[in-house]
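# Notes for the structure review
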2 protein chains.
Amino acid sequence: MSEPVLIVGSLALDDVETPFGRQENIVGGAAYYSSVAASLFAPVNLVGVVGEDFPQEALAMLAARGIDLAGVEVVKGGKSFHWSGRYDTDMNTRDTLDTQLNVFADFNPVLPESYKHSRYVFLANITPALQLSVLEQMATDAFVAFDTMDLWIETARDDLVRVMERVDLVLMNDAEVRQFAGTPNVTRAAREILSIGPQYVAVKMGEYGATLISRDARFTLPCCPLLDVEDPTGAGDSFAGGLIGYLAWADRHEESDLRVALALGTITASRCCETFGTEALLETTPEQVYRRYETLQAITCMRELPSDFPQAFE
Amino acid sequence: MSEPVLIVGSLALDDVETPFGRQENIVGGAAYYSSVAASLFAPVNLVGVVGEDFPQEALAMLAARGIDLAGVEVVKGGKSFHWSGRYDTDMNTRDTLDTQLNVFADFNPVLPESYKHSRYVFLANITPALQLSVLEQMATDAFVAFDTMDLWIETARDDLVRVMERVDLVLMNDAEVRQFAGTPNVTRAAREILSIGPQYVAVKMGEYGATLISRDARFTLPCCPLLDVEDPTGAGDSFAGGLIGYLAWADRHEESDLRVALALGTITASRCCETFGTEALLETTPEQVYRRYETLQAITCMRELPSDFPQAFE
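Rules used in this analysis
- Residues numbered from 1 in each chain as written.
- Chains lettered and ligands numbered in written order.
- Predicted model: local features only at pLDDT ≥ 70, side-chain atom pairs only at ≥ 80, totals over all residues.
- Heavy atoms only, no water.
- Helix = DSSP H or I, 4+ residues; strand = E, 2+ residues; numbered from the N terminus.
- Rg over C-alpha atoms; globule rule 2.2 N^0.38 Å.
- Buried < 20%, exposed > 50% of the residue type's maximum accessible area, 1.4 Å probe, protein only.
- Contact = heavy atoms within 4.5 Å.
- Lys, Arg positive; Asp, Glu negative; His and termini not counted.
- Charge placed at Lys NZ, Arg CZ, Asp CG, Glu CD.
- Buried area = accessible area lost by both parts, 1.4 Å probe.
- Salt bridge = Lys/Arg side-chain N within 4 Å of Asp/Glu carboxyl O.
- Polar contact = N/O pair within 3.5 Å; in protein donor to acceptor, adjacent residues only side chain to side chain.
- Nonpolar A, V, L, I, M, F, W, Y, C, P; charged D, E, K, R; others polar.
- Arc of directions from axis to C-beta.
- Least-squares fit on C-alpha atoms with pLDDT ≥ 70 in both.
- Axes fitted to C-alpha atoms, helices over the stretch in contact; angles between N-to-C directions.
- Parallel < 35°, antiparallel > 145°, perpendicular 65-115°, else oblique.
- Left-handed = near helix turned anticlockwise from the far one by under 90°.
- Phe/Tyr/Trp six-rings, centres within 6.5 Å; stacked < 30°, edge-to-face > 60°.

## Topic: the overall build of chain A
Scanning chain A from terminus to terminus reveals eleven helices and 13 strands. On C-alpha atoms alone, chain A measures out to a radius of gyration of 19 Å, which is about the 20 Å that the 2.2 N^0.38 rule sets for 314 residues. Along the first, second and third principal axes, the C-alpha set of chain A runs to 80 × 40 × 40 Å. Out of the 314 residues in chain A, the part that is buried amounts to 60%. Long-range pairs, those at least 24 residues apart, make up 64% of the contacts in chain A with a sequence separation of at least 6. Across chain A, the 23 positively charged side chains and the 46 negatively charged ones have centroids separated by 4 Å.

So this is what it looks like as structure tokens:
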């Protein structure tokens, strides 16, 4: 099995400050986190753009993990996308201190010929117009997951709807889902998104976990409990990467496969949070994955109602 | 089976405004919601205080449901506790517009003799000093659940810790748990509470569900999905009531029993949210409970990892 996953999105250098410390020029970006997570389970075809300042070792490390870099453009004399952010003590709110798009401002994803037949795709958060251009270049009917952000919901809604019409799985956080549908009710909001075309909506709820909603089913998982969240940057992308990487490995996307994929995405996201950057994620072992999978099963295990539970209330 | 549950707390008349409308003088209060929910599963011994304005029909209805009112004091010429609140469109934030304690200001719970042997107790949110006075009056070693609020964490912490030392199950929302322990990490915060004495902490997370944490186990359940939340007032108390009512019915409080109880509390809370006041909660049928229990099982059902899932990552 194990089909390759096509991943398109940002590659960046981040300065991050959390209550656990501050690090500069951490290799990151949505496509970076999601590729590393997906590469645990499947080969990755990566499309992105970096400047000359992007560390060679980082690219070499990706290549060594089965991540194809034919789609990564290195702009001579250019500087990589740079993001600076700071997390509050509660880790749930973060302030963006600075964003320098640099070479990412002119990002125009071009798929190498071999990538066009990828049967699993993750479109990380970029403008919906670019996401559409990627879909236009595809030569096969792939299973496509995509992520977006509040800015595109506000400023590029028509394009966003056009992307939604063509994807299978929408990944959005709960605030975005509510914003998109203009209702506080996540179930109603997910139904509205499903009515546009996708088969599944995966609602990311930060520390409260994630919910998968389809036309006739629903599946909610909590996060893996962590005693220390050192840096949550990239958690949502690691979630997406683990999820799509598993589907590509299994080469199946029935609802029951999505349930396993959601759990594996939850696990890769938890690994991401344990250290700055992808340090812990990169070192993830199958034993750790198996153990966290069992932890999630224990945490969600419902008992049966007793057989003598009342058939009538007085 | 079915032991009686002792419930002590507020009985109130509420004015509530939500996007679904506005109602005045809704019969409510923490002890009211929790008693109605608990009475689905077990007899209730209720302790509270009301004024002469409290509707006779409401008290008669409680009595008809197996709720003993020997502990409810009706103050001649007094007015009942009155709360007015308004919910935002997202239903997660509410503004208290007015609070009139009235007869509740002098509430001094006195247990009728027969109540002192109740083996299941829910201390709804009142001052920790009053909660302690209830525990002092008990003549038996009961399983005690208790609720509190941000105000007591801030102003009566020593008394609160004294209550925690004597109860079995702490019910708090996630903000309160964090506030109490001074850490954003709910797992660490729950451990700190467990170290004081209780066997279980049930962390209420509003629309994100609830998590039960004990020394060696953890169980998380999402809410029952609702298309319309008409009025969430009393949801937390209905959760507590359903939970303790089930434990009293089963007369068991092992971790596996608490898992069932958490699900039943989740279901009674969902019924509470469907209408203003306790209208839907009162009409809850066993069929509805069974159906929502099955819904929760479907929503939380994890699939096994495939047997050929990698034992090694490349």
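## Digging into the interface of chain B and chain A
Taken together, the contact between chain B and chain A spans 55 residues of the former and 55 residues of the latter. When chain B packs against chain A, the two sides together hide about 5,100 Å² of surface, and 62% of this comes from carbon and sulfur. On inspection of chain B and its partner chain A, the count reaches four salt bridges. Residue Glu207 of chain B pairs with Arg178 of chain A through a salt bridge whose shortest N-O separation is 3.0 Å. At the junction of chain B with chain A, the criterion picks out 27 residue pairs in polar contact (both at pLDDT 80 or more). Mapped onto the side of chain B that touches chain A, the elements with two or more residues apiece are α6 (174-181), α7 (186-196), β13 (218-221), α8 (235-250), α9 (255-273) and α11 (286-300) of chain B. When residues in the side of chain B that touches chain A are grouped by element, the largest group, ten residues, is from α11 of chain B. For the side of chain B that touches chain A, the residue count by class is 32 nonpolar, ten polar and 13 charged.

## Re helix α2 (residues 56-64) of chain B
Residue and element names in this part refer to chain B. Among all positions of α2, only Ala58, Leu59 and Leu62 are buried. Taken around the axis of α2, the buried residues stretch over an arc of 95°, which confines them to a single face. Of the exposed residues in α2, those oriented more than 90 degrees away from the buried face are Gln56, Glu57 and Ala64. Along its buried surface, α2 packs onto β3 (21-28), α1 (30-38), β4 (44-51) and β5 (67-75). Gly66 sits one or two positions beyond α2 and adopts a positive phi of about 85°.

## What to know about the relation of the copies chain B and chain A
Copies of the same chain, two in number, are related to each other by a rotation about an axis and a translation along it. Once chain B is rotated about the relating axis by 180° and shifted along it by 0.0 Å, it coincides with chain A to within an RMSD of 0.0 Å. Such a combination of rotation and displacement between the chain copies is what one expects of a two-fold axis. The overlap is high: 100% of the interface residues of chain B also sit at the interface in chain A, so the same surface is used on both sides.

## Quick notes on the packing of α8 of chain B against α9 of chain B
Residue and element names in this part refer to chain B. Relative to each other, α8 and α9 sit at 140°, their axes nearing to 7 Å. When the interaxial angle is binned, α8 and α9 end up oblique. For the pair α8 and α9, the sense of crossing is right-handed. For the pair formed by α8 and α9, the contact residues are Ala235, Ser238, Phe239, Gly242, Leu243, Tyr246 and Leu247 on the first element and Asp257, Leu258, Val260, Ala261, Leu262, Leu264, Gly265, Thr266, Thr268, Ala269, Cys272 and Cys273 on the second. A breakdown of the residues in the contact of α8 with α9 according to their chemical character gives 13 nonpolar, five polar and one charged.

## Comments concerning the pattern of salt bridges
Residues and elements named next belong to chain A. This model, assessed by the stated rule, comprises 28 salt bridges over all chains. In this structure, Arg119 engages Glu3 in a salt bridge whose closest nitrogen and oxygen atoms are separated by 3.3 Å. Separated by 116 residues along the polypeptide, Arg119 in the loop between β7 (94-100) and β8 (120-123) and Glu3 in the segment before β1 (5-8) bring together distant segments of the chain. Owing to a relative accessible area of 31%, Arg119 belongs among the partly exposed residues under this scheme. Bridged by salt links that share partners, the residues Glu3, Arg119 and Asp251 form one connected network.

## Focus on the environment of Thr89 of chain B
Counting through the fold element by element, Thr89 of chain B comes out in the loop between β6 (81-87) and β7 (94-100). A C-alpha to C-alpha distance of 40 Å links Thr89 of chain B and Val110 of chain B, two positions 21 residues apart in sequence. With sequence-adjacent residues up to four places away left out, Thr89 of chain B is seen in contact with Pro184 of chain A together with Pro19 of chain B.

## Describing the packing of aromatic side chains
Geometrically, a pair of aromatic rings is defined through the distance of the ring centres and the angle of the planes. Using the criterion set out here, one finds 23 aromatic pairs over all chains in the structure. Consider the rings of Phe309 of chain A and Tyr290 of chain B, whose centres lie 5.7 Å apart with planes at 85°: the pair is edge-to-face. Of this pair, Phe309 of chain A sits in the segment after α11 (286-300) while Tyr290 of chain B is found in helix α11, placing the two residues in two different chains. Its relative accessible area of 2% is what places Phe309 of chain A among the buried residues. Taking the centre distance of 6.5 Å and the plane angle of 50° together, the rings of Phe143 of chain B and Tyr200 of chain B count as tilted. Taken together, the positions of Phe143 of chain B in strand β9 (residues 143-147) and Tyr200 of chain B in strand β11 (residues 200-204) put the pair 57 residues apart, joining distant regions of the chain. By the burial criterion, Phe143 of chain B is buried, and Tyr200 of chain B matches it.

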